[in-house]
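One letter stands for each residue in the lines below.
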Amino acid sequence: MRKPSQILTKTLSNNIKKLRSDMNLSQEELADKCGLHRTYVGAVERGERNVTLSSLEVLALALKVDVPTLLTDKAK
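Only a predicted model underlies this, so the values are computations on that prediction, with no experimental measurement involved.

S.K.: What is the right way to read the overall build of the protein chain from this model?
M.R.: Helix and strand counts for the protein chain come out as 5 helices and 0 strands. Its helices and strands taken in sequence order, the protein chain reads α-α-α-α-α from the N to the C terminus. Computed over C-alpha atoms, the radius of gyration of the protein chain comes to 11 Å, within 12% of the 11 Å expected from 2.2 N^0.38 for 76 residues, which places it in the range of a compact globule. Classification of the 76 residues of the protein chain by burial places 33% in the buried group. For the protein chain, the centre of its 13 positive side-chain charges and the centre of its 9 negative side-chain charges are spaced 6 Å apart.

This is the structure:
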């Protein structure tokens, strides 16, 4: 099975963590907004899980950004 690059996985996890923190949401609160399990959100934030497009979309909606924002390295 193919996996995304570590750079992309790290970018996604960092962006989700930062946006969630900026919104003062816990992992559990974000998971509830998305209809996902808290442990899944934690694993995504640690870069341990590969997200589906549907999960990526629901995370973006809950964090009030578009999908490309979640996948863009802000440090560049």
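S.K.: Is there a simple way to think about helix α1 (residues 6-22) in this case?
M.R.: Every α-helical turn comprises 3.6 residues, leaving residues that sit three or four positions apart pointing alike. For α1, spanning 17 residues, the distance from its first C-alpha to its last is 24 Å, which sits close to the expected 24 Å at 1.5 Å a residue. Here α1 has its buried residues at Thr9, Thr11, Leu12, Ser13, Asn15, Ile16 and Arg20. The inward-facing, buried residues of α1 abut α2 (27-34), α3 (38-45), α4 (53-62) and α5 (67-70). Once α1 finishes, Asn24 follows within two positions and takes phi at roughly 55 degrees, a positive value.

The rules behind the values
Residues numbered from 1 in each chain as written. Predicted model: local features only at pLDDT ≥ 70, side-chain atom pairs only at ≥ 80, totals over all residues. Heavy atoms only, no water. Helix = DSSP H or I, 4+ residues; strand = E, 2+ residues; numbered from the N terminus. Rg over C-alpha atoms; globule rule 2.2 N^0.38 Å. Buried < 20%, exposed > 50% of the residue type's maximum accessible area, 1.4 Å probe, protein only. Lys, Arg positive; Asp, Glu negative; His and termini not counted. Charge placed at Lys NZ, Arg CZ, Asp CG, Glu CD. Expected span 1.5 Å × (residues − 1). Contact = heavy atoms within 4.5 Å.

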